[in-house]
Amino acid sequence: MKIPELIYSTVTNTCARCHQGKVFENTNPYNFKNAFKLKNSCSECNLKYEKEPGFFYGSLYVSYALSSGFFMIWFFIDSFWLHMDAINLALIVTATILLAFPLVHQYAKLIWLNFFVKYDKKYAKVKQKKEDTTSISPDTRNVNVQAGN
Ligand SMILES: [Zn+2]
């Protein structure tokens, strides 16, 4: 696991192995229709996301770390600039954690997946090869000819 690969995969909601297929059904964590729904496997490289039952329970540790990060940020902002009393600080931290929960939930699972699956260029190239072969397929040539007439 390399940090830039982890960040790319997490922010773009893409498979840890190929960086092509989506992990969550919905990329927008604030669209509650199916924002928390994980796909079973990668559409591009067939990586099974949930390696074993309960695999993503471990992402709670990542979620805890990210939420603690919000607390640390607010704590330093308060210590150096705002100087609020403890109740206001607690309310702001709680509100931030609640508002950020959907994003933190999604990022925690993606980061957890990246802990166990390495990015592999070999799988990323599979899709590029597929696109190369489809771009010169006879079907698309026929469409182009018809469009030209
Ligand atoms: Zn993949």
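Everything numeric in this text was worked out from a predicted model, so none of it was measured. (Residues numbered from 1 in each chain as written. Predicted model: local features only at pLDDT ≥ 70, side-chain atom pairs only at ≥ 80, totals over all residues.)

### Here we look at the overall build of the protein
Quick reminder of the rule: Strands here are runs of E lasting at least two residues and helices are runs of H or I lasting at least four, both read from the DSSP assignment and numbered beginning at the N terminus. Any residue whose C-beta has 12 or fewer other C-beta atoms within 10 Å is treated as exposed, any with 20 or more as buried, and any in between as partly exposed, C-beta atoms being built from the backbone.
Within the protein one finds five helices and zero strands. When the helices and strands of the protein are listed from N to C terminus, the series reads α-α-α-α-α. The buried share of the protein, reckoned over its 149 residues, is 17%.

### Focus: the packing of helix α1 (residues 3-12) against helix α3 (residues 86-116)
The condition is simple: To define axes, lines are fitted to C-alpha atoms, for helices over the stretch in contact only, and angles between the resulting N-to-C directions are given on a 0 to 180 degree scale. The crossing is said to be left-handed when, going from far helix to near helix, the turn is anticlockwise and less than a right angle, and right-handed when the turn is clockwise. Throughout, a pair of residues is in contact if the C-beta atoms placed from their backbones lie within 7 Å. Residues were grouped as follows: Ala, Val, Leu, Ile, Met, Phe, Trp, Tyr, Cys and Pro as nonpolar; Asp, Glu, Lys and Arg as charged; and all remaining residues, including Gly, as polar.
Orientation of α1 relative to α3, taken along the N-to-C sense of each, is 140 degrees, at an axis distance of 9 Å. α3 is crossed by α1, and the crossing has right-handed handedness. Counting all contacts with α1, which are made through L6, S9 and T10, the residues of α3 involved are Y107, L110, I111 and N114. Here the residues of the contact of α1 with α3 sort into four nonpolar, three polar and no charged.

### Overview of the nonpolar core
Note the cut-off: One nonpolar core equals one set of buried Ala, Val, Leu, Ile, Met, Phe, Trp, Tyr and Cys residues connected by C-beta atoms within 7 Å.
Counting 15 residues, the largest nonpolar core has C15, V23, A108, I111, W112 and L113 as the members making the most contacts within it. Among the elements that make up this core, the one with the highest residue count is α3 (six residues). Non-local contacts of V23, meaning those with residues more than four positions away in its chain, are made with N13, T14, C15, L38, K39, Y49, L110 and L113.

### With respect to the confidence of the model for the protein
We count it as follows: Along the chain, pLDDT gives the predictor's confidence residue by residue, from 0 to 100.
The predicted model of the protein averages 85 in pLDDT, with 84% of residues at 70 or higher. In this model residues 137-149 is a low-confidence stretch, pLDDT under 50, and it forms one contact with partners more than four residues away in sequence or in other chains.

### Here we look at the environment of S9
Mapped onto the fold, S9 is located in helix α1. Those residues within four positions of S9 in sequence are excluded, and the remaining contacts are T14, A16, H19, L110 and N114.

### Notes on α3
As a reminder, the rule being used: By this rule the span expected of a helix is its residue count minus one, scaled by 1.5 Å. Fitting axes to the seven residues ending at a residue and to the seven starting there, one defines the bend at that residue as the angle between these axes.
For α3, which comprises 31 residues, the first-to-last C-alpha distance of 39 Å sits more than 12% below the rise-based estimate of 45 Å (1.5 Å per residue). At F101, α3 is deflected by roughly 60 degrees, the largest bend along its length, and proline P102 occurs up to four residues later in sequence. The set of residues buried in α3 consists of V104, Q106, A108, K109, L110, I111, W112, L113 and N114. Structurally, α3 contributes buried residues whose contacts are with α1 and α2 (59-82).

### Structural notes on unusual backbone geometry
Of note, H19 is a non-glycine position whose phi angle comes to about 60 degrees, a positive value. The residue H19 is located in the loop between α1 and α2 in this model. Even without being glycine, H83 reaches a positive phi, approximately 50 degrees. Among the secondary structure elements, H83 is positioned in the loop between α2 and α3. For H83, a count of 8 C-beta atoms within 10 Å gives the class exposed.

### Considerations on the packing of α2 against α3
Between α2 and α3, the least distance of the axes is 8 Å, while the angle of their chain directions is 145 degrees. At the point where α2 passes α3, the crossing takes the right-handed sense. A per-class count over the contact of α2 with α3 returns 15 nonpolar, five polar and two charged.

### What to know about the environment of R17
Relative to the elements of secondary structure, R17 occurs in the loop between α1 and α2. Look at R17 and you get buried, because 23 C-beta atoms sit within 10 Å. Once residues within four sequence positions are removed from consideration, R17 is found in contact with C42, C45, L47, V117, Y119, D120 and Y123.

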